[in-house]
Amino acid sequence: MNAVALPILIPLALMVLLIVIRSALLSRWTGVLGSMLMLVIAIYLFSHVNEYGILILQVGEWAAPFGITLVIDRLSSLMLLVTALLLLSISIYAIRFIGDKKEAPVFYIFFFSLAMGINGAFITGDVFNLYVWFEVMLLSSFVLISMGSTREQLKGGIKYVGLNLIGSLFFLAGIGLLYGKTGTLNMAHLAKILQYDEQSILMNSSAMLFFIAFGIKAAIFPLYFWLPASYHTPNITITSLFAGLLTKVGVYALIRFFTLFFVQDQVFWHNLLLVVAGLTMVIGGIAASTYYETRRILSYHIISQIGYMVMGLGIYTPLALAGAIYFIMHNMVAKTNAFLVSGLINRFMGSYRLKEVGGLYRQSPLLALLFIIPAFALAGVPPLSGFFAKFILIKAGIEASRFGITAVALITGLLTLYSMIKIWNEAFLKKLPENQEKDSPVVRIRFLDVLPSLILGLVTILMGVFAAPVFRYTMEAANGLLDPFIYIESVLNGIQP
Amino acid sequence: MEIILAILVGVQYTAGVYMLLRRSILKFIIGIIFMSNATNLLVFLSAGITSGSPAFLGESAERTDELADPLPQALVLTAVVIGLGILVFILALKFKFFSVTGTDDLDQLKSTEE
């Protein structure tokens, strides 16, 4: 028995435990301590994979192509680590921001079921099992997004549920066609069979179904409409949780599928991915610059940043994939942090609308500092993490002579900077609007409120300062993706197709 | 047999898409049910239909060529159960939505976009 299944089993156990616990105080403690435990496990798995290579678990002792395989390679372990870090900071944030005593236990139950789905999706080596984890993740997110049952939340919830369900149907139909053509659903086995596939065009129908399914989850260009329609309605804790994690699972699945086994018709797919990536970046960036509400700006901004990750996959060189992985890590941390800080601004000022807030720099320099770290990281200012992520991607784009997408990426960087400066000017520098009552009770910001932002801000800075070791690790992960021989052999253990 | 089922899948997808495009939320949900059933049938059909053969023969069996492929059946069972759970959730959500807003019209949802 090895520790591979723990990222799934621990959230499951915590979920069951939390169903029994009714008290808000106890469930908060369980939430935070449980997240810490998951972080410890993730660090252990990460160092283990770093040292000894891929970890495999054949569930129930069924040999590879027949049973379900759990695989942790470098990319998976990295995703597990960042996810665990985000979960910990959000579980702390939720103590103060899920105020309702009745809601807190419910929140933590679905918080951990979401965590289970996300971790499962990162470590599974089986296509149908991935579908199941996607559904676990979606069902928990359905509950979380409509929690509270106000009018706006239900409206956002219905759109979110409807569009994501359609995505799941695409996924399942893709599985059906894939199984019909290959007779297997084990990812490594698929990779082995499809390596020498001569009628490559036949796989495109399945690949397209998967592309649309993951595209809906990842919110890429023509499929992103559910995201801005729903992300600003729930409690800010839940929005931060979703913003950091959900879309990235879609991107992870895209990277996994299109590097491991959908590698046949490369010219078509890479051009498609690059066109989609460019449009996603630009449209997300432009839409973000038209709004004057922090959560909406940041929501559209998620979409814009997804474009960079897809761009790395579309360029498809080791450097570009390493850049994409770096970018995913940076974005998960910085984006969640930006949402957490927008929640703090709302607590301090009582509004998310930029027209109604102002003067925060004078009132709380700490908050200004907390905002400026993720904002500058997202905009790509050195020496924060975002600069290196974008730098690697753009360098890879130039080296691969993909000048069109590189230019788009650079221009989108300016749009991002504009959006961030807009929040900065309106919320922090501008004087408080006259018509706002000034004698409103000033909310004291406690240490517990800012602790999650401090943790994530520190990680952003560290990822920038120690860019070289992080880059080396993402480069190894990217090489592992582009040369999947070790992955295939470790899973199949020498079995011939 | 396969051709009939294939046509049925097509008809269900058509009906599903038509219902998805209606304005009523309930009809939207019915559309999802249709599409979900069509997808399940598609997965079931993916390995081909073997009539009258068992999916399991036990370890002593010598001939495996008359075996029906058990995997799509297992997949469909899982998918049906997941689909049922989601359907129940979305119906409950729709009920809650109706009791809060008093409307079943998807056009009324526009206002969160403003």
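Residues numbered from 1 in each chain as written. Chains lettered and ligands numbered in written order. Predicted model: local features only at pLDDT ≥ 70, side-chain atom pairs only at ≥ 80, totals over all residues.

A look at the overall build of chain B
For step 1, the next point in the chain: Helix and strand content of chain B: three helices and zero strands.
For step 2, the next point in the chain: Each helix (α) and strand (β) of chain B, taken in turn from the N terminus, gives the series α-α-α.
For step 3, the next point in the chain: A buried classification covers 24% of the 114 residues belonging to chain B.
For step 4, the next point in the chain: The contacts in chain B between residues at least 6 apart in sequence include a share of 60% that link residues at least 24 apart. (Helix = DSSP H or I, 4+ residues; strand = E, 2+ residues; numbered from the N terminus. Buried ≥ 20, exposed ≤ 12 C-beta atoms within 10 Å, placed from the backbone. Contact = placed C-beta atoms within 7 Å.)

Considerations on the interface of chain A and chain B
For step 1, the next point in the chain: Taken residue by residue, the interface counts 28 residues in chain A and 27 residues in chain B.
For step 2, the next point in the chain: Listed by contribution, the elements that provide at least two residues to the side of chain A that touches chain B are helix H5 (127-145) and helix H6 (151-182) of chain A.
For step 3, the next point in the chain: Take the side of chain A that touches chain B: its biggest share by element is 19 residues, from H6 of chain A.
For step 4, the next point in the chain: Residues that form the side of chain A that touches chain B fall into these classes: 15 nonpolar, eight polar and five charged. (Nonpolar A, V, L, I, M, F, W, Y, C, P; charged D, E, K, R; others polar.)

Description of helix H15 (residues 365-379) of chain A
Residue and element names in this part refer to chain A.
For step 1, the next point in the chain: Between its terminal C-alpha atoms H15 stretches 20 Å, which fits the 21 Å expected from 15 residues at 1.5 Å a residue.
For step 2, the next point in the chain: Among the residues of H15, those classed as buried are Leu367, Leu370, Phe371, Ile373, Pro374, Ala375, Phe376, Ala377, Leu378 and Ala379.
For step 3, the next point in the chain: Close packing links the buried residues of H15 with helix H13 (318-349), helix H14 (360-363), helix H16 (385-399), helix H17 (403-429) and helix H18 (447-465).
For step 4, the next point in the chain: Positive backbone phi, approximately 90 degrees, marks Gly380, located one or two places after H15. (Expected span 1.5 Å × (residues − 1).)

Here's the deal with the nonpolar core
For step 1, the next point in the chain: Residues Ile325 and Leu393 of chain A are the most contacted members of the largest nonpolar core, which totals 218 residues.
For step 2, the next point in the chain: Element by element, the count of residues in this core is highest for H13 of chain A, at 20 residues. (Core = buried A, V, L, I, M, F, W, Y, C linked by C-beta atoms within 7 Å.)

A few points about unusual backbone geometry
All names here are of chain A.
For step 1, the next point in the chain: Cis geometry marks the peptide bond from Pro382 to Pro383, where omega comes out at 5 degrees.
For step 2, the next point in the chain: Turning to its location among the elements, Pro383 is positioned in the loop between H15 and H16.
For step 3, the next point in the chain: Although it is not a glycine, Ala219 sits at a positive phi angle of roughly 60 degrees.
For step 4, the next point in the chain: Following the sequence through the fold, Ala219 ends up in the loop between helix H8 (204-218) and helix H9 (226-230).
For step 5, the next point in the chain: Non-glycine residue Ser401 carries a positive phi angle of around 60 degrees.
For step 6, the next point in the chain: If you trace the backbone, Ser401 turns up in the loop between H16 and H17.

Points about the pairing of strand S2 (residues 69-72) of chain A
Regular strands have side chains that alternate between both faces of the sheet.
Residues and elements named next belong to chain A.
For step 1, the next point in the chain: Neither face of S2 is left uncovered, since the one carrying Thr69 and Val71 and the one carrying Leu70 and Ile72 both have all their residues buried.
For step 2, the next point in the chain: By the bridge criterion, four bridges tie strand S1 (residues 55-58) to S2 in an arrangement that is antiparallel. For Ile56, the partnering residue across the bridge sits in S2 and is Val71. (Pairing = 2+ DSSP bridges.)

Here's the deal with helix H3 (residues 70-101) of chain B
All names here are of chain B.
For step 1, the next point in the chain: When the terminal C-alpha atoms of H3 are compared, their 46 Å separation across 32 residues agrees well with the 46 Å that a helix rising 1.5 Å per residue should span.
For step 2, the next point in the chain: Taken together, the buried positions of H3 are Pro72, Leu75, Val76, Ala79, Ile82, Gly83, Ile86, Ile90, Leu93 and Phe97.
For step 3, the next point in the chain: Gly102 occupies a position one or two residues after H3 and carries a positive phi of about 70 degrees.

Re the packing of helix H2 (residues 24-52) of chain A against helix H4 (residues 103-123) of chain A
Residues and elements named next belong to chain A.
For step 1, the next point in the chain: Two elements in contact, H2 and H4, have axes separated by 8 Å at closest approach and are oriented at 20 degrees. Between H2 and H4, the angle falls in the class roughly parallel. Here H2 and H4 pass one another in a crossing that is left-handed. The segment H2 lies against H4, with Ala24, Ser27, Arg28, Thr30, Gly31, Gly34 and Met38 engaging Ala104, Pro105, Tyr108, Phe111, Phe112 and Ala115.
For step 2, the next point in the chain: Residue classes in the contact of H2 with H4 are distributed as eight nonpolar, four polar and one charged. (Axes fitted to C-alpha atoms, helices over the stretch in contact; angles between N-to-C directions. Parallel < 35°, antiparallel > 145°, perpendicular 65-115°, else oblique. Left-handed = near helix turned anticlockwise from the far one by under 90°.)

With respect to the environment of Ala288 of chain A
For step 1, the next point in the chain: Following the sequence through the fold, Ala288 of chain A ends up in helix H11 (residues 266-290).
For step 2, the next point in the chain: Setting aside residues up to four positions removed in sequence, Ala288 of chain A forms contacts with Ile297, Tyr300, His301, Ser304 and Ser419 of chain A.

All quantities given are derived from atomic positions and should not be read as evidence of function.
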